[in-house]
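Single-letter residue listing:
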Protein chains: 2
Amino acid sequence: MKQLQAIQRLVGEFAKLPSIGRKTAQRLTYHIIDTPSSEAMQLAEAIVEAKRRVRYCDKCYGLSEAELCEICSDPQRDGSKVCVVENVRDYWAVENTGSFRGLYHVLHGAISPIDGIGADDIKLRELLQRISSEGIKEVIIATSPTVPGEATALYISKLLKNIPDVEVSRIAKGIPIGGELEYADEVTLARAIEGRNRL
Amino acid sequence: MKQLQAIQRLVGEFAKLPSIGRKTAQRLTYHIIDTPSSEAMQLAEAIVEAKRRVRYCDKCYGLSEAELCEICSDPQRDGSKVCVVENVRDYWAVENTGSFRGLYHVLHGAISPIDGIGADDIKLRELLQRISSEGIKEVIIATSPTVPGEATALYISKLLKNIPDVEVSRIAKGIPIGGELEYADEVTLARAIEGRNRL
């Protein structure tokens, strides 16, 4: 016997989500069937509402309910500094540290020829436009220290080299706080020694 | 700055699902924002449709779109045999083997005093009713070989001991096919020896 069509459909939709495999999709589907209708409806409504209300900020491409997001429209933030991140998750990771009071720029990806993602596929042109029009003085490249993240950081630093009066920096790479040296991988440890700071 | 309310709400709803933690809920939420509206709506609609159309079968408590599920209303199935499972996932695991042509009975749980689940909290009374009214001749207890599953199997076998002409069996426990003996845990291996079959 085949599964009910409505079940198959929901399993299929859940399985399209990232990090959800077929087995988890089935588990989620059976949970939806088991759960009171009101709760299942809340999930469905939250999806619809998020899609209806949330858009990308016209300036930084972070999430927003208006043309400009709260950070971009906050006069207290330092508009001369911009922190470049790969995606909205990284944006929130930086913002949650509470240590950065400038603006952001979300690239929505990183350069990765293997995945067919080039410089034109991410919000790089928009970053250059912002730098020339907003009087940005410092660009902090906070892409991940992965192959695509490093490639993107290198690309951006080369692009910005010829723009006068713009300082470009890269977040520090090294041993994580609380991490034990003996368990650090060699590349990280080599980078930590290379990037040592005078005390 | 705080996350947008619509985002917080959707993260919260995703995080209520089983096996979805806070980080995964955020990842799913950002995916929904990134995805075309039509696809996100398909997920929302699939949830609504599954809740609207799918119910429990009045007889076996499996999933159904009518009062009786397809298996319970199929005259080709052997109504004298019933396979007792803990949940709908296990029901499908047995059905997908293609080796059982009888009916099912879904308990929707297993006896587990530690979790406050007693015999009255699962569909046991309904099983007894079916046995007395449907002329069932064989009950195959296919609960999992876990503590709650074994407790439930023992409880059912004691309940059915006094009912004449009903054969009760338990699925075999032993080394999984393709499993290597040296890696089997001691309890499983002891059970496999205990339950040896004459060749």
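Here the residue numbering is sequential within each chain, running from 1 through the sequence in written order. To read the labels, note that chains go from A and ligands from 1, taken in the order they are written. Only residues with pLDDT of at least 70 are given local features in this predicted model, and only at 80 or more are side-chain atom pairs given and counted; all residues enter the totals for whole chains, interfaces and linings. With hydrogens and water stripped out, all remaining heavy atoms of the structure feed into the side-chain values.

## Concerning the layout of surface pockets
(1) Moving on: Size it by volume and the largest pocket reaches roughly 350 Å³.
(2) Moving on: A pocket, in this scheme, is an open set of points on a 1 Å grid over the protein atoms alone with protein on both sides within 12 Å along at least 5 of 7 lines, while a cavity is a set where a 1.4 Å probe fits but cannot get out; residues line either one if an atom lies within 4 Å of a point. In terms of lining residues, the largest pocket is bounded by 15 residues, among which V94(A), T97(A), A142(A), I171(A) and A172(A) are the most central.
(3) Moving on: Space inside the second largest pocket adds up to approximately 300 Å³.
(4) Moving on: What lines the second largest pocket is a set of 15 residues, among which R89(A), W92(A), K23(B), Q26(B) and Y30(B) lie closest to the centre.
(5) Moving on: Mapped by element, the contributors of at least two residues to the lining of the second largest pocket are helix 4 (88–97) of chain A together with helix 1 (5–15) and helix 2 (22–34) of chain B.
(6) Moving on: Asp, Glu, Lys and Arg are counted as charged, while Ala, Val, Leu, Ile, Met, Phe, Trp, Tyr, Cys and Pro are counted as nonpolar; the rest, among them Gly, fall into the polar class. Here the lining of the second largest pocket is built from residues that sort into five nonpolar, five polar and five charged. Grid points are joined across faces, edges and corners, and a volume is the space filled by probe spheres set on the points. Secondary structure follows DSSP: runs of H or I at least 4 residues long count as helices, runs of E at least 2 residues long count as strands, and numbering of each begins at the N terminus.

## Observations concerning the packing of helix 1 (residues 5–15) of chain A against helix 3 (residues 37–53) of chain B
(1) Moving on: Fitting a line to C-alpha atoms yields each axis, with helices limited to the stretch in contact; the angle taken between N-to-C directions then spans 0 to 180 degrees. Relative to each other, helix 1 of chain A and helix 3 of chain B sit at 150°, their axes nearing to 9 Å. The handedness of the crossing between helix 1 of chain A and helix 3 of chain B comes out as left-handed. Between helix 1 of chain A, through A6(A), R9(A), L10(A), E13(A) and F14(A), and helix 3 of chain B, the contact on the second element is made entirely by E39(B), Q42(B), L43(B), E45(B), A46(B), I47(B), E49(B), A50(B) and R53(B).
(2) Moving on: Looking at the contact of helix 1 of chain A with helix 3 of chain B residue by residue, the classes come out as seven nonpolar, one polar and six charged. Crossings are classed by handedness, with left-handed meaning an anticlockwise turn of the near helix from the far one by less than a right angle and right-handed meaning a clockwise turn. Working rule for contacts: check all heavy atoms of both residues, and any pair within 4.5 Å makes them a contact.

## Looking at the state of the cysteines
(1) Moving on: By convention in this document, the label disulfide applies to cysteine sulfur atom pairs within 2.5 Å. Under the defined criterion, the tally for this structure stands at zero disulfides over all chains.
(2) Moving on: Free cysteine: C83(B), not disulfide-bonded; nearest cysteine sulfur from C60(B) at 11 Å.

## Considering the relation of the copies chain B and chain A
(1) Moving on: Copies are brought into register by a least-squares superposition over C-alpha atoms of residues with pLDDT of at least 70 in both. Between chain B and chain A, which share one sequence, the superposing operator has a rotation angle of 180° and an axial displacement of 0.0 Å; the RMSD is 0.1 Å. Here the copies are linked by what is in effect a two-fold axis. Of the C-alpha atoms belonging to chain B, the one lying closest to the rotation axis is found on A44(B), 2.2 Å away.

## Looking at the interface of chain B and chain A
(1) Moving on: Opposite the 53 residues of chain B that make contact, chain A presents 53 residues.
(2) Moving on: Of the roughly 5,300 Å² buried between chain B and chain A on both sides combined, carbon and sulfur atoms contribute 69%.
(3) Moving on: Salt bridges are defined as contacts in which a side-chain nitrogen from Lys or Arg sits within 4 Å of a carboxyl oxygen from Asp or Glu. E49(B) serves as the salt-bridge partner of R9(A), at 2.2 Å between the closest nitrogen and oxygen.
(4) Moving on: Here a polar contact means two N or O atoms within 3.5 Å. Within protein one must be a hydrogen donor candidate and the other an acceptor candidate, and residues neighboring in sequence count only if both atoms are side-chain atoms. Taken together, chain B and chain A are joined by 14 residue pairs in polar contact (both at pLDDT 80 or more).
(5) Moving on: Looking at the side of chain B that touches chain A, the elements that each hand over two or more residues are helix 1, helix 2, helix 3, strand 2 (63–64) and helix 4 (88–97) of chain B.
(6) Moving on: Partitioning the side of chain B that touches chain A into residue classes produces 28 nonpolar, 10 polar and 15 charged. Accessible surface is computed with a 1.4 Å probe, and the buried area is the amount of it that two parts give up when combined, taken over both parts together.

## Some points on the nonpolar core
(1) Moving on: Definition used in this section: a nonpolar core is a set of buried Ala, Val, Leu, Ile, Met, Phe, Trp, Tyr and Cys residues joined via side-chain atoms within 4.5 Å. Summary of the burial criterion: residues with accessible area below 20% of their type's maximum are buried, those above 50% are exposed, and those between are partly exposed, where the area comes from a 1.4 Å probe applied to protein chains only. F14(A), I47(A), Y91(A), F14(B), I47(B) and Y91(B) are the most contacted members of the largest nonpolar core, which totals 77 residues.
(2) Moving on: Ignoring any residue separated from it by four or fewer positions in sequence, one finds I47(B) in contact with L10(A), F14(A), I32(A), A40(A), L43(A), A44(A) and I47(A).

## Focus: helix 5 (residues 124–134) of chain A
Residue and element names in this part refer to chain A.
(1) Moving on: Within the sequence span of helix 5, burial applies to L124, L127, R130 and I131. Taken down its axis, helix 5 places every buried residue within 115° of arc, on the same side. In helix 5, the exposed positions angled more than 90 degrees off the buried face are occupied by R125, Q129, S132 and S133.
(2) Moving on: Of the surrounding elements, those touching the buried residues of helix 5 are strand 3 (78–85), strand 4 (102–106), strand 5 (138–141) and helix 6 (147–161).
(3) Moving on: Phi turns positive one or two residues past the end of helix 5, at G135, with a value near 65°. In this context, the arc is that of the directions from the helix axis out to the C-beta atoms.

## Some remarks on the sheet that holds strand 6 (residues 167–170) of chain A
Residue and element names in this part refer to chain A.
(1) Moving on: The four strands lie next to each other as 4-3-5-6, forming an open sheet whose pairing is parallel. At either end of the open sheet lies a strand with only one pairing partner, and these are strand 4 and strand 6. Averaged over all pairs of adjacent strands, the angle between their axes in this sheet comes to 25°, without regard to strand direction.
(2) Moving on: The pairing of strand 3 with strand 4 spans five bridges and is parallel. From the neighbouring strand, D78 faces strand 4, where its bridge partner is G102.
(3) Moving on: In the packing of helix 5 onto the sheet, the strands contacted are strand 3, strand 4 and strand 5, and the crossing angle to strand 4 comes to about 150°.
(4) Moving on: Contacting strand 3, strand 5 and strand 6, helix 6 runs over the sheet at an angle of about 165° to strand 6. Any two strands with at least two DSSP-identified bridges between them are counted as paired.

All we've got here are geometric facts, nothing functional implied.
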